[in-house]
Structure formats: structure tokens, C-alpha cells
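Descriptive analysis of the structure
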Amino acid sequence: MAPGQSPEEPRQQSRAVGAGQDEERGRGCRRCRLPAAAGCGTFTFLSSAIAAISGLLMGYELGLISGALLQMSSILTLSCKEQEVIVSSLLFGALFASLTGGFLIDRFGRRLAIIIASSLLVLGSLILLPYESYEVLIVGRIAIGISISLSSIATCVYIAEIAPQHRRGLLVSLNELMIVIGILFAYISNYAFASISHGWKYMFGLVIPLGALQAVAMYFLPPSPRFLVMKNDDEAARKVLERLRETSDATNELTVIKSSLKDEHQYSFLDLFRSKNNMRARMLVGLTLVFFVQTTGQPNILFYASTVLKSVGFQSNEAASLASTGVGVVKVVSTVPATFFVDQVGSKTFLCIGSSVMAISLVTMGLVNRNIHVNLTKVCRSQSPEDFSLQRPGNFTVTNGSLMDLFASRASTERLSFDVQSPDVARTGELNRTALAGGKSTTGSHVESGEVPVVLKWLSLASLLVYVAAFSIGLGPMSWLVLSEIFPGGIRGRAMALTSSMNWGINLLISLTFLTVTGAAECIPRPEDLPGPGL
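Read on for an overview of the structure. Being a predicted model, the structure only gives us computed values, none of them experimental.

1. Brief notes about the overall build of the protein
Along the backbone of the protein there are 21 helices and 0 strands. Every one of the 535 residues in the protein was classed for burial, and the buried ones make up 55%. Accessible surface, the protein as shown: approximately 22,200 Å² in total, 66% of it carbon and sulfur.

As C-alpha cells, then:
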């Protein structure tokens, strides 16, 4: 997530915790090797599954706004900038939590942090339901953003710390898979409620029972053994380990945990930017990977999928939401091979293949959309900003018929000024007025400016799905896997915090400007629309 956070980011954090313990196990504690049978009992799997509900909630909240935005922008008559702020408010909360989450989970514990995060998500969702207010939407979305960011940090650390070594990869992958499943469920919810009046409220409300259930269930689960050792409660940690491993003696594993904690005091935060152990170059690699994860367009697809698809020919909310559901299906299907075959194929191979296919699909998508004469921002500019006050709460309501007349009269007035310009420029103005009038010409002649050729429409969707699949096997999960492996155990946690904050920050910047940038791009005339020589 990310959704700022990429939905694949928890792999980085959880592998990092596990790798730190494994590193100690292989270096200084070979005499403390755990028995091969020390295992993943039913209670360990159940605890991991309950904690992984956070991944499902996170994925759902990241993907939900894609369809909900279509309804909210119409009901609340939101401008492009207001839509961007609503989308980005969640990321603002997530960025704030990423800066403080590490301290909170170390201070109060992983389990309690998950309980607080689930409760905050329920509270944020309840805030959104009774009101139809732009300001309330922002407050609720910020609360939800704090919740999913805090839970993503706490959950992946909790699972990694309760999982045995030989089952850690499986249980960590469970959390990652839950994130993409949550995104799929969000897109399905978008489609299911697309034609229902105020359906966006049902979309936001669906997570309330599940969030409350997780908060209650986590209360009955044990704290992380590593956290108990950090608090010098070795006896409680030993009892938790014995319960998780279904064994009567967990002394060896307890010794391993205590040894791994000693390594964390060998580095300071500033060591990340020094030449010590080539740390500066490692940090540069990490930040560069995070930069490309976000700037290749993943946030735009995740948050604005329905909006983009509606602008390229899927003209109803239902059609756009159904098409975006394909994005969720592709993410789930593509994540499976990336999860289970990375150890055999290698992260670098997946990165190279995924990035190459992403480049091809993005070029294809750009060429296709260049030939579609549709205003990419027509969804958020269905009404002019001057008319927003006509439908704000407390003001009189304008009927659809009077709005059409209003647009028609404005288009007729604009026609006078365009007639004195070149024919090509006049044609461009006619296309823009046609988009405002719902695809009907305001001058009596029928101009099919709102119609997109079927081949181009589906080719655009296919390019999008290929891009999503390539991201899900390449830059998405593999970037975080590489990050979890290039930093020493003693400073890995602080490196993760820094890269996570940059990840959320870039995501916030992109999502906050996406509609504005595409609107500015639409102001640049196409070569074929420019006046010919001598005009």
C-alpha cells in the first residue's frame, strides 16, 4: 500500500525480523540450533491467521477508494483537488504512523498495537457513516490511514516473532496474500454497491465487524516472545514459546532470541549514511528501489483504477468497477508464483522480468490512450467548479434538466468565440463541450466524442492488467525482499523505518497530484489538433 505503503511492504519488515534471528542462529549460536520438530502447531497458525486479518483490512482500505470515489465525487460534487485530498488523507495518516509506529510497538508491544490499530479502524469507519461531509471524510480517512500503517508494522513483526524458523516464510506469505485478497474484495465491493444509492457507506461499513472481531480475538492471544525478552520477562517468554511450539522445553530458542537482541546495539541511525560496512551505498539502493515502486504508477492504479477506466470507455460506475475487479484478480493470481517460487528463481530475475514487462505494458497503454479522444479528467470535472455551490448542503438543488440547459447555454456562448479561431481549435473546443454535455453535440450535429472504439477500450484494459501482473511479480514484492536482505540485523529495523516513511511520502505526493497532473496534460494540444501551416 499502497496501497504509500505498497501492499507487499510487510514482507520486508517480517523477513527482517526473522533474518536477524536466523543470522544469529547461524553465526554465534550454532550450539543453540532448534530441533527440527520444533514446530508450527495449530495455535501458532491460528495466532498468525488472526493477526493476518490486518493485511486483509489494509488491502481492503487501499482498494476501496477506487470505486467509492466515483459515488462520493457525484454526491458531494467534489472538484479534482478535493478528490485528491480525500484519497491522500489516508496516506497522510499512514505517513505519520510510519514515523512513530516503531516506537509504539516497542513501547507497548506488537499485540497491543494491533488491538489499538483495529479499534482505530473501526472508529474511523464509524465516523464516515453518519455524515456526508468533505471535512468528515478527511478526518475519518486520516484515522484509517494511521490504523493500517500501524497494523502493517505490528502485524508483520508479530507473525515473524511467533513463527518457527522453518515455517516463517509460509506464515509471512499468509499476511502478504491477505493484503492482495483484501484489494480484490474491495474491488468486488465497489462493483456490488456501484448502483446502490449511497453505496459508498456500505463499502466503508463492511470492515467494522471484522475489525472489531480482530481486536477482541487478539486480546486472547499471547504477546510476542521477543517483546517479552525485551522487557526482561524471560520466564513469560519461555512459557509463550512452549505453548506456541507445543514443547516442554524452549530454552534453546529463548537463548537465540536473547543473543539476537544484543546485535541491535552495535549501530546507530546515522550509520545508515556513513561508509561503514558500505552502508551508504546500501541505503542508496534501498531508497532507489522504493522510489521506483511508487513512481512507476502503482498508487494511481490502486486508488484511481475505476476513475481511469471510466475515462477510457467504461462509462458507467458499474462497468468501471467491474473492470477494476480484474485488477484485483490479477494481483492475487500473480502474487502466488512470486511468493512460492522466489527461492528457486531468485529475486533479481523476478525484478528484471517484471520491470521489462511493466515498461512494455505502460508504453502500450500510453499509445492506446493517445488515440482515445476522451478527456482523462472528465470524471472529476463533470461539473464546472463555479456550479459546485449549487449542490452543496444548505443550497438549492438543481435538476438534471436545468444543468443540461446550463451547460448547453455555456457551450453555445463559447461557440461564438471559437468560431473566429482555426477549424482545428474549434473542433477541440467542440469535443470538450460534448464531454460536458454527456456525449451529445450542443450544435445539433452528432459528434461521437464520448464513444471509444471497442478494440482500444479492451486493449487499454489488457495493458493495465499486464502492468499489474508484472508489478505483482517484480517491483512489488521483490523490492522489499531485497531491502530485507541487504542490511545487517543490528540496523535493519531502522533502515526499514526510513524506507517505509519514504514509501508512504512518495505515495502521498503522487496521489495528491495525479488528477491535477493529468488535467494539465490534457491542456497540451495534440499535434493533429494544432493549426496547420499558414493559419
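Additional details are given in the paragraphs that follow.
2. Thoughts on the packing of helix 10 (residues 234–245) against helix 11 (residues 251–262)
Where helix 10 contacts helix 11, the two axes come as close as 9 Å, and the packing angle between them is 125°. For the element pair helix 10 / helix 11, the angle class is oblique. Note on packing geometry: the crossing formed by helix 10 with helix 11 is right-handed. Seen from helix 10, the contacting residues are Asp234, Ala237, Arg238, Leu241 and Arg245; seen from helix 11, they are Glu253, Leu254, Ile257 and Lys258. Residues belonging to the contact of helix 10 with helix 11 are distributed by class as follows: 4 nonpolar, no polar and 5 charged.

3. Describing the pattern of salt bridges
In the structure shown here, the tally under the stated rule is 10 salt bridges. Asp106 is the partner of Arg110 in a salt bridge, and the nearest nitrogen-oxygen pair spans 3.1 Å. On the accessibility criterion, Arg110 (4% relative accessible area) is buried. A relative accessible area of 35% places Asp106 in the partly exposed class. As a salt-bridge pair, Lys258 and Asp234 come within 3.1 Å of each other at their nearest N and O atoms. Here Lys258, found in helix 11, pairs with Asp234, found in helix 10; they are 24 residues apart in sequence, far enough to count as distant. Relative accessible area serves as the criterion here: at 25%, Asp234 is assigned to the partly exposed category. One salt-bridge network, in which partners are shared between bridges, spans Asp106, Arg110, Glu161 and Arg226.

4. Topic: helix 12 (residues 279–295)
Here helix 12 contains 17 residues, and its C-alpha end-to-end distance of 24 Å stays within 8% of the 24 Å for a straight helix at 1.5 Å per residue. Of all the positions in helix 12, only Met279, Met283, Gly286, Leu289, Val290, Val293 and Gln294 are classed as buried. Mapping the buried residues of helix 12 onto a view down its axis gives an arc of 130°, with all of them on the same face. Immediately beyond the C-terminal end of helix 12, within one or two residues, lies Gly297, with a positive phi of roughly 110°.

5. With respect to unusual backbone geometry
Phi is positive for Asn232, which is not a glycine, with a value near 60°. Tracing the sequence through the fold places Asn232 in the loop between helix 9 (225–230) and helix 10. On the basis of relative accessibility, which here comes to 70%, the residue Asn232 falls in the exposed class. The phi dihedral of Glu246 falls on the positive side, at around 55°, and the residue is not glycine. Mapped onto the secondary structure, Glu246 falls in the loop between helix 10 and helix 11.

6. Notes on helix 5 (residues 134–162)
Compared with the 42 Å implied by 1.5 Å per residue over 29 residues, the 42 Å span of helix 5 between its first and last C-alpha is a close match. Within helix 5, 24 of the 29 residues are buried, leaving the element largely enclosed by the surrounding structure.

7. What about the packing of aromatic side chains?
Under the counting rule described, the total for this entry stands at 5 aromatic pairs. A ring pair is formed by Trp200 and Phe204, whose centres lie 6.0 Å apart and whose planes are at 85°; its orientation type is edge-to-face. With a gap of 4 residues between them, Trp200 and Phe204 both fall in helix 7 (residues 199–205), about one helical turn apart. A residue is classified by how much of its surface remains accessible, and Phe204, at 0% relative accessible area, is buried. Aromatic pair Tyr219 and Phe220: ring centres 5.3 Å apart, planes at 90°, arrangement edge-to-face. The pair Tyr219 / Phe220 is uniform in exposure class, with both members exposed. Positioned above the aromatic ring of Phe108, the side-chain terminus of Arg107 is 5.3 Å from the ring centre.

8. What to know about the environment of Phe43
Checked against the element boundaries, Phe43 lands in helix 2 (residues 42–75). Judged by relative accessible area, which is 17%, Phe43 ranks as buried. Through-space distance from the C-alpha of Phe43 to that of Leu244 is 6.2 Å; in sequence the pair is 201 residues apart. Beyond its immediate chain neighbours, meaning those up to four positions away, Phe43 contacts Leu221, Pro222, Arg243, Leu244 and Glu246.

9. A look at the environment of Leu46
Note that Leu46 resides in helix 2. For Leu46, a relative accessible area of 44% corresponds to the partly exposed category. Distance in space between the C-alpha atoms of Leu46 and Leu221 is 9.4 Å, their sequence separation being 175 residues.

10. Topic: the packing of helix 4 (residues 110–128) against helix 8 (residues 207–219)
Where helix 4 contacts helix 8, the axes come no closer than 9 Å and their chain directions differ by 160°. In terms of orientation, helix 4 lies roughly antiparallel with respect to helix 8. In the packing of helix 4 onto helix 8, the handedness of the crossing is left-handed. Facing helix 4, whose interface residues are Arg111, Ile114, Ile115, Ser118, Ser119, Leu121, Val122, Ser125 and Leu126, helix 8 presents Val207, Ile208, Gly211, Ala212, Gln214, Ala215, Met218 and Tyr219. Across the contact of helix 4 with helix 8, the residue classes break down as 11 nonpolar, 5 polar and 1 charged.

11. Considerations on the nonpolar core
Met72, Ile148, Phe303 and Leu464 are the most contacted members of the largest nonpolar core, which has 68 residues in total. Element by element, the count of residues in this core is highest for helix 2, at 10 residues. If we skip the residues at most four places from it in the chain, Met72 touches Ile65, Thr77, Leu78, Ile86, Leu137, Trp200 and Phe204. Within the second largest apolar cluster, 34 residues are counted, among which are Ala154, Ala215, Val229 and Leu241.

Reading the values: the criteria
Residues numbered from 1 in each chain as written. Predicted model: local features only at pLDDT ≥ 70, side-chain atom pairs only at ≥ 80, totals over all residues. Heavy atoms only, no water. Helix = DSSP H or I, 4+ residues; strand = E, 2+ residues; numbered from the N terminus. Buried < 20%, exposed > 50% of the residue type's maximum accessible area, 1.4 Å probe, protein only. Areas by Shrake-Rupley, 256 points an atom, 1.4 Å probe, with all protein chains shown as cover. Axes fitted to C-alpha atoms, helices over the stretch in contact; angles between N-to-C directions. Parallel < 35°, antiparallel > 145°, perpendicular 65-115°, else oblique. Left-handed = near helix turned anticlockwise from the far one by under 90°. Contact = heavy atoms within 4.5 Å. Nonpolar A, V, L, I, M, F, W, Y, C, P; charged D, E, K, R; others polar. Salt bridge = Lys/Arg side-chain N within 4 Å of Asp/Glu carboxyl O. Expected span 1.5 Å × (residues − 1). Arc of directions from axis to C-beta. Phe/Tyr/Trp six-rings, centres within 6.5 Å; stacked < 30°, edge-to-face > 60°. Lys NZ or Arg CZ within 6 Å of the ring centre and 35° of its normal. Core = buried A, V, L, I, M, F, W, Y, C linked by side-chain atoms within 4.5 Å.

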